[in-house]
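Observations on chain architecture
Here are the chains, one letter per residue:
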Amino acid sequence: QVQLVESGGGLVQAGDSLKLSCAVSGGTVRSYIMGWFRQTPGKEREFVSAIAWNIGETYYADSVKGRSTISRDNAKNTVYLQMNSLKPEDTAVYSCAAGRAWPNIRMANNYNYWGQGTQVTVSS
């Protein structure tokens, strides 16, 4: 059973940077898409970014494109989301997900495994 554990969230000011981590254990995700989603109270989960683990192809939501970089470390079995120039509207719980999500990698329902999430709060 694949397990995902996020870390790296916190309270920052607008313009700051954060690097989120998603540690993978319990199984191989080499053939999976690894995604980052975020959610605020009362709203649907929103796609943020994804990476195809085996080939490294990356995908970004328009809201974070140019400000964020997703990457993975094979040796550490960890996926990262580097977020720069953070805005108050980036405030959310960020969750890591894994699954064979092709072709609709932006849809949360296409992911099989989820972490508990890490809170990111950006103050203005």
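One structure accompanies this document, and this report is about it. (Residues numbered from 1 in each chain as written. Predicted model: local features only at pLDDT ≥ 70, side-chain atom pairs only at ≥ 80, totals over all residues. Heavy atoms only, no water.)

Some remarks on the side chain of serine 49
Position of serine 49 among the secondary structure elements: in strand β5 (residues 46-52). Only 2.8 Å separates the side chain of serine 49 from the backbone oxygen of tyrosine 59, close enough to count as a polar contact. With residues up to four places along the chain from it excluded, the contact list for serine 49 reads Met34, Gly35, Trp36, Tyr59, Tyr60, Ile70 and Leu81. (Helix = DSSP H or I, 4+ residues; strand = E, 2+ residues; numbered from the N terminus. Polar contact = N/O pair within 3.5 Å; in protein donor to acceptor, adjacent residues only side chain to side chain. Contact = heavy atoms within 4.5 Å.)

Regarding the packing of aromatic side chains
Here the structure, examined in full by the defined rule, presents 5 aromatic pairs. For the pair phenylalanine 37 and tyrosine 111, a centre-to-centre distance of 5.2 Å together with 80° between the ring planes defines the contact as edge-to-face. Pair noted here: phenylalanine 37 is in strand β4 (residues 33-39) and tyrosine 111 is in the loop between β9 (92-99) and β10 (113-114), with a separation of 74 residues, a long-range link. Residue tyrosine 111 is classed as buried on the basis of its relative accessible area of 5%. (Phe/Tyr/Trp six-rings, centres within 6.5 Å; stacked < 30°, edge-to-face > 60°. Buried < 20%, exposed > 50% of the residue type's maximum accessible area, 1.4 Å probe, protein only.)

Quick notes on the pattern of salt bridges
All chains considered together, the criterion is met by 4 salt bridges. Among the ionic pairs, arginine 38 bridges to glutamate 46, the shortest N-O distance being 2.8 Å. Between aspartate 90 and arginine 67 there is a salt bridge, and its shortest N-O distance comes to 2.8 Å. Of the two residues, aspartate 90 sits in the loop between β8 (78-83) and β9 while arginine 67 sits in the loop between β6 (58-60) and β7 (68-73), which places them 23 residues apart along the sequence. Given the relative accessible area of 13%, arginine 67 is considered buried. In the salt-bridge network here, residues are joined through shared partners; they are Arg38, Glu46, Arg67 and Asp90. (Salt bridge = Lys/Arg side-chain N within 4 Å of Asp/Glu carboxyl O.)

Description of the state of the cysteines
Per the counting criterion, the structure on display carries 1 disulfide. Bridging cysteine 22 to cysteine 96, the disulfide has an S-S length of 2.0 Å. A torsion of -75° about the S-S bond marks the disulfide between cysteine 22 and cysteine 96 as left-handed. Separated by 74 residues along the polypeptide, cysteine 22 in strand β3 (residues 18-25) and cysteine 96 in strand β9 bring together distant segments of the chain. Taking the relative accessible area as the measure of exposure, cysteine 22 reaches 0% and is therefore buried. Judged by its relative accessible area of 0%, cysteine 96 falls in the buried class. (Disulfide = S-S within 2.5 Å.)

As far as function goes, none of this settles anything; it's purely spatial.
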